[in-house]
Amino acid sequence: MSAVVDAGGKAAGYLDDRLGIAKPAKGLLNKVFPDHWSFMLGEIALYSFIVLLLTGTYLTLWYKPSMTEVIYNGSYIPLNGVSMSEAFASTLNISFDVRGGLLMRQIHHWAALFFLVSITVHLMRVFFTGAFRKPRELNWVIGTGLLTLAILEGFAGYSLPDDLLSGTGLRIAQGIVLSIPIIGTWAQFLLFGGQFPGTDFIPRLFTVHVLLLPGIFLALIGAHLLMVFAQKHTQYPGPGRTNNNVVGFPLLPVYMAKAGGFFFIVFGVTALMSAFVTINPIWAFGPYTPDQVSAGSQPDWYMGWLDGAVRIFPNWETNIGAYSISWNVFIPTVVVPGIIFTLLGAYPFIERWVTGDNAEHNLLDRPRNAPTRTALGVMAITFYGMLWISGGNDIIATTFDLSINAITYSLRVLIFIVPPIAFVITKRICLSLQRRDNDKLLHGIESGNILRTPEGEFIEIHTPLPAKQQAVILSKHDVAPLAIETGYDENGVADPKRRSDRLRAKLSHWWYGDNIALPSRAELEAAQAHAAHDYHEQESVVDDYRNLEITSEPVLHSAAVGGHEENPHIKH
Amino acid sequence: MSEIVSSESSSVYDADGPNEVVLPNGRFAPAPLPHELRRADIDPKAAKRAERQVANLFILAMLMALLFIVAYVAVDKDTVIALPVIGTMSLSNLLLGLTFGLSVFCIGAGAIHWAKKLMPDVEVVQSRHDMASSEQDRAEAVEIFQVGADESGFGSRTIIRRTLLGALALFPIPLIVILRDLWVTPPDSPSPSALLKETIWADGVRLVVDGTNRPIKPSDVPVGGLVNIIPANLEEVQKAEGNLNARAKASSLLIRMRPEEIRSQQGGTTEEPWDYQGILAFSKICTHVGCPISLYQQRTHHLLCPCHQSTFDLADSAKVVFGPAARRMPQLAITVDSEGYLVARHDFTEHVGPSFWEQGS
């Protein structure tokens, strides 16, 4: 043990002499990170990315990014003698002739799915806890960029084997590019090196997939992490946690062990999944040919919403003289995603403008304490979910024996109706939870212990809220909405910014208007004194009339008792 | 706003620390809870046990890594086994994944177990500072920048500034221009839109069955039947071009219905209809985004695209009856040649596949 430490010390000394690492290392190793399970979501994304780099490198050793047609002759007998692209043949080779090749392919694919899932859930965590607020808006923008690129990277990756399923995806991509007004036709010819499918696209996609995008990923992930380091991680409210401190464990040793260990857990779980669960069995799909498709074709999950948008969009096309615009393809595949990702990236700035909140926030919001934001988030998720359902309209139709037409027509309407309903319901739930929080603060929590007074009255003993919960509830930030001004001064001179100011104030009212304010400190102390008095009185009632004593502390987990029974915590 | 005073790095659980802290909203909240000791903190036996558990996990990791090598060498790559629930799978993949996965997993599990049971679990507090630099630093940085900018003369030497901006604006242009040859266009090549509008179907080209390349006689196609067809010269063209481009546009299908069921067609006259005795040929490439279509319902004569469910009525000029497609499926005019085989009369008159800007109406 000590020999290891000595050797390490010498190496560190060598490096410090040459690079002066001691000072930065001191700060780094001591750096405190707050602990919460939801902070692991971003870690899963990071570790999945590392797994993707490792396994992807293996795959490049055998994969041939070529669309040259070859006749397959390998271990997978059903496809022997079939004409296919070299890309598909080499993927079969990886799956059936390279020992461990299938494992690497499956780990790569599973890790890609985990990458996208963890990014998405991480994004939701950051959104609903308000972790994107000042000073972290720029990191949110980087995160949005990473999500967008991850979707593209995933699509590029699963298109490379050139199997029937992914080739159909590329065919659809061609249709999408063609739908772009004015430049679409030329863009398609340049991307594909001529007509579809040509022989250039897979090699080009390969370069994008293994070089261009991973390079951008490394840069953006590096910046993402550096910002987290520089700004220190946000933390959830709790005892002793304020906006100006960070409570947790130091990098060395606890976080080093936990985070480092977690990388191996993620890698291990991905490998075990790949051992047991087949993913993307390209041999079952067969090689790509433009004149075949299988029914029930579904893209990977993260492309499903786009596919859904394409499915339910009405068949609008406009002809203007010699030119045509395919709204039916262009809007759902280019315009809608463009708007969605722009809004997503701009969200912190929009919210900051509406609320006028310019303070730094290091303590996370509880979703209920930002009801409008939480409701907007749920509305967005519902919208996404509706698109996702639309992407499976054929599966729903065949599974439940419904009319595909009826499902599609309904979804065209429901996508506008359901999200606003989700907004209203979520907001009401948040406000109710706020009221509940105030109740808990003022009246404590039900202990489950019922007392009967000599007069025959039944009283349930309330106990004060545990300190931990109090700290969490008291972290709420009550903000008054901005005042709505007329926009004219006493001389009737108009303020040039009056329109935007009034809009902003109205939005601020919409944002904060329904807030249920926390009780004031005086109210809280009065309530606590009252509760203490009540409790004392109940105690003395029991003492006086029945000569009983109560166990020191009523406990939360005691069994609830019926009104007619005696309290089990009262001893004779 | 005041803040809790804490040293750069100290335990939250100081006995005489404050019992209330100030939150950003100005409220007071309870101070940290007292730290609770774990079994391993007070019981040396428990600590020893945890130590053994961690070491055992690491030993298991080593064992699994070695077993991976055994599985790699010993298991035949073609062996397939059937497992309950999971189904048939490659034994090699199963064992390699299992041993590798467990070996990696156990390293992680050991490290985390170590951290949770044996490393200190006392939470530590560090203070934060606003991200913004001090006013003085800001002012100094601005000053350095301004001095530098002045020294460079960027503001005063207008001609340098303007020519530099011009040069910088133009320098990406060569990098963009060079992308023009992403499509190396043959000297006599038609325009992209012209290429999208033509297929290799032409007068007299035989319709052959996709897969067998067998020419088709009208008697081969029963009423209600569907045949996937390609032009007889497709294989030849494909070989010459070395790609699937011709196939991606020329793939078609043949269906037969009773002539009285045909309500309308996309062209032809009563004397020379585009069908042949109720045999109709259509493009197979969806006009929406190009999926090949082959789900045909003979009772309604509807053709359904499996990708986005666009539905076309083949008895009524293949017009769109449902879904996101905007244009009908192009019809191929057919007849029979002197030997009685089905042939095309000319190329499609409407373009095949997805819509594009220059398609015209």
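It should be emphasised that the depicted structure is a prediction, and the values quoted were computed from it without experimental measurement.

A. Layout of the overall build of chain A. Along its length, chain A carries 19 helices and ten strands. Taken along the three principal axes of its C-alpha coordinates, chain A extends 95 × 80 × 60 Å. By the burial criterion, 41% of the 572 residues in chain A qualify as buried. Pairs at least 24 residues apart make up 71% of the contacts formed inside chain A by residues separated by at least 6 positions.

B. Main features of the overall build of chain B. The secondary structure content of chain B amounts to nine helices and 17 strands. Its C-alpha atoms give chain B a radius of gyration of 38 Å, more than 25% over the compact-globule value 21 Å for 361 residues. Taken over the C-alpha atoms alone, chain B extends approximately 105 × 80 × 45 Å along its principal axes.

C. Structural detail: the interface of chain A and chain B. Contact residues are listed per partner, giving 100 residues for chain A and 92 residues for chain B. Among the elements that make up the side of chain A that touches chain B, the one with the highest residue count is helix H10 (residues 251-276) of chain A (18 residues). Taken together, the residues of the side of chain A that touches chain B break down into 46 nonpolar, 42 polar and twelve charged. Pairing of strand S4 (residues 245-250) of chain A with strand S6 (residues 124-127) of chain B involves four bridges; the strand directions are antiparallel. Looking across to S6 of chain B, one finds that Gly-248 of chain A is bridged to Val-124 of chain B.

D. Structural view of the environment of Gly-42 of chain A. Residues and elements named next belong to chain A. Assignment of secondary structure puts Gly-42 in helix H3 (residues 40-60). Accessibility expressed as a C-beta count within 10 Å gives 21 for Gly-42, which makes it buried. Sequence separation between Gly-42 and Val-126 is 84 residues; the distance between their C-alpha atoms is 9.7 Å.

E. Up close: the environment of Val-269 of chain A. Note that Val-269 of chain A resides in helix H10. When the 17 C-beta atoms within 10 Å are taken as the criterion, Val-269 of chain A is described as partly exposed.

F. Fine view of the confidence of the model for chain B. Of the residues in chain B, 91% reach a pLDDT of 70 or more, and the chain-wide mean stands at 90. Across residues 1-18 of chain B, where pLDDT falls below 50, the model places 33 contacts with residues more than four positions away in sequence or in other chains.

G. Up close: the domain arrangement of chain B. On domain assignment, one finds that chain B holds domain 1 (39-124), domain 2 (138-177) and domain 3 (198-359). For domain 1 of chain B and domain 3 of chain B, the distance between their C-alpha centres works out to 58 Å.

H. View of the sheet that holds strand S14 (residues 319-322) of chain B. Residues and elements named next belong to chain B. Taken in spatial order, the four strands line up as S11-S12-S13-S14 in an open sheet, and their pairing is antiparallel. The open sheet terminates on both sides in strands that have one partner only, identified here as strand S11 (295-297) and S14. Across the sheet, the mean angle from the axis of one strand to that of its neighbour is 30°, orientation sign disregarded.

I. Representation of the environment of Glu-260 of chain B in the model. With respect to the helices and strands, Glu-260 of chain B occurs in the loop between strand S9 (252-256) and strand S10 (279-283). Sequence-wise, Glu-260 of chain B and Gln-277 of chain B are 17 residues apart; in three dimensions their C-alpha atoms are separated by 10.0 Å.

J. Here's a closer look at the nonpolar core. In terms of nonpolar packing, the biggest core is built from 167 residues, with Phe-115 of chain A together with Leu-207, Leu-254 and Ile-334 of chain B touching the most fellow members. Residue contacts for Ile-334 of chain B: discarding those within four places in its chain leaves Leu-207, Trp-274, Tyr-276, Ile-279, Ala-281, Leu-342, Val-343, Ala-344 and Arg-345 of chain B. Counting residues in hydrophobic clusters, the runner-up holds seven residues, among them Leu-465, Ala-471, Ile-473 and Leu-518 of chain A.

The rules behind each value
Residues numbered from 1 in each chain as written. Chains lettered and ligands numbered in written order. Predicted model: local features only at pLDDT ≥ 70, side-chain atom pairs only at ≥ 80, totals over all residues. Helix = DSSP H or I, 4+ residues; strand = E, 2+ residues; numbered from the N terminus. Buried ≥ 20, exposed ≤ 12 C-beta atoms within 10 Å, placed from the backbone. Contact = placed C-beta atoms within 7 Å. Rg over C-alpha atoms; globule rule 2.2 N^0.38 Å. Nonpolar A, V, L, I, M, F, W, Y, C, P; charged D, E, K, R; others polar. Pairing = 2+ DSSP bridges. pLDDT = per-residue confidence, 0-100. Domains from an automatic or database assignment. Axes fitted to C-alpha atoms, helices over the stretch in contact; angles between N-to-C directions. Core = buried A, V, L, I, M, F, W, Y, C linked by C-beta atoms within 7 Å.

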